[in-house]
Amino acid sequence: MAWIEKYGHGGDLLTAQTQFGLGSTPLLDFSANINPLGPPPKVMQTIKEQLETIVHYPDPAQRKLKEKLARRLELQTEQIIIGNGAAECMALIILALEPKTVGVVYPCFSEYEKLSNAFGAKIKACYGRAEQQFKPKLQDLFALFNEVDLVFIGHPNNPTGVIYSLAELEEIAAQAESTNTYLVIDEAFIDFIPKNKQVTLLPNLEQYKNIIFVRSMTKFYAIPGLRLGFAVAQPEIIAKLQNKQVTWSVNQLALTAGEICLDEIQYEEETIALIEEQREYLKQAIQERFGWFVFSGQANFLLIRLPQSMNVAKLQWEMGKRGVMIRSCAMYPGLTDQDFRIAVRTKQENDQLLSALQKVVDEGGANLCR
């Protein structure tokens, strides 16, 4: 029984279709954390209208999108770099800053370790604890800063959805400054949190010379096939990243989509309201129907732990045969083969997920055990 996360991530429809013998059958994908509303309609319309622009090179300086982002975030364009997804921004950070040792907090997004290893950095880690929603003890995290050149933290963290308090972030940032360590705060999922509940140090960027914020536009605006993300830091750091970036790494259609997305205020509000409502709905339904433990994440996904007698590989297999993809978290250091992650989608899709889970449990509960 093979994992569908052959390449280390969710959302691999081709592998899933092949693995489960579904051919081109559409899959209900809860393994990738993408806005269930799909791209803003105006994005789709404009891309169709501007397909002919692919005969021209994109702006190598990404000026229009940078200017719109700068106005939105109240920054200078020199403090922003646009990337071919947040992952490119992370790669540029490691390439440009050349850390010999990178610190991570397990469980976390696998690209932190993968990119660090790819570019010659060693990994040192501390672990979050389940009883603390997988946040690390601050003294453990602070000790890590004394041993590494750069630290990644997810906020909200993937796959746990955990967020830090403002006081915690300020303490972490102070530790980064005192040890002269780069701190990369991955905020790829922060846009899914209501504006009045978002916690970020970004407005105080001027206070921190060593902090780099990474954000994604592909997840919130449902354009992962286009790839679009950005990083924010002091101009000196951004200049180093730009010196490592391949010219035209961000394509013309992605830049156009990004410019339009930043005007879609109603879409943003509808997305946030949907995710907040449906995350709570899914959490309660899973706890009440199945008695499984759901961690209290704040993003557009939920981390779930099965009873000790059950194995997530078997659950994933049975769900896959029914055309529903879930994300096994067994390969995340710090998690177990009882853990899986699901995206929060629309009420109709969430009910389909719950119905499929119920059928799997009712029809083959014994087959899910070790």
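Calculation criteria
Residues numbered from 1 in each chain as written. Predicted model: local features only at pLDDT ≥ 70, side-chain atom pairs only at ≥ 80, totals over all residues. Heavy atoms only, no water. Helix = DSSP H or I, 4+ residues; strand = E, 2+ residues; numbered from the N terminus. Contact = heavy atoms within 4.5 Å. Phe/Tyr/Trp six-rings, centres within 6.5 Å; stacked < 30°, edge-to-face > 60°. Buried < 20%, exposed > 50% of the residue type's maximum accessible area, 1.4 Å probe, protein only. Lys NZ or Arg CZ within 6 Å of the ring centre and 35° of its normal. Pairing = 2+ DSSP bridges. Axes fitted to C-alpha atoms, helices over the stretch in contact; angles between N-to-C directions.

Asker: Explain the side chain of Asp191 residue by residue, including any values.
Answerer: Mapped onto the elements of the fold, Asp191 is located in the loop between strand S6 (182-186) and strand S7 (211-216). In this structure, Asp191 is in contact with Gln198, Arg215, Ser216, Phe220 and Ile272, ignoring residues within four places of it in sequence.

Asker: How would you sum up the packing of aromatic side chains? Please name residues and give values.
Answerer: Going through the model one piece at a time under the given rule, you end up with 14 aromatic pairs. A centroid spacing of 5.7 Å and a plane angle of 85° characterise the contact between Phe109 and Tyr112, whose relative ring orientation is edge-to-face. On the basis of relative accessibility, which here comes to 1%, the residue Tyr112 falls in the buried class. Here the aromatic cluster, defined as three or more aromatic residues joined through ring pairs, consists of Phe189, Phe192, Phe220, Tyr221, Tyr267 and Phe301. When the ring centre of Phe301 is taken as reference, the NZ or CZ atom of Arg341 above it lies at 5.8 Å.

Asker: Give me unusual backbone geometry: which residues, what numbers.
Answerer: A cis amide bond links Tyr106 to the next residue, Pro107, at an omega of -5°. Within the secondary structure layout, Pro107 lies in the loop between strand S3 (101-106) and helix H5 (111-118). With a phi close to 50°, Gln62 is a non-glycine residue in the positive phi region. Mapped onto the elements, Gln62 comes out in the loop between helix H2 (41-49) and helix H3 (63-73). Among the residues examined, Gln62 registers a relative accessible area of 5% and is labelled buried.

Asker: Please set out the sheet that holds S7 residue by residue, giving values where relevant.
Answerer: One key point about sheets: their strands pair by backbone hydrogen bonds, in either a parallel or an antiparallel sense. Read from one edge to the other, the open sheet built from seven strands follows the order S2-S8-S7-S6-S5-S3-S4, with strand pairing classed as mixed. Both edges of this open sheet fall to strand S2 (80-83) and strand S4 (122-127), since each of them pairs with a single strand only. Here the average twist between neighbouring strands, direction ignored, is 20°. Two strands pair when backbone bridges link them, and S3 and strand S5 (residues 150-154) are joined in this way by two bridges, in the parallel orientation. When the bridges of S5 are listed, Val102 appears paired with Leu150. Against the sheet, helix H7 (residues 166-178) touches S5, S6 and S7, its axis set at about 150° to S6.

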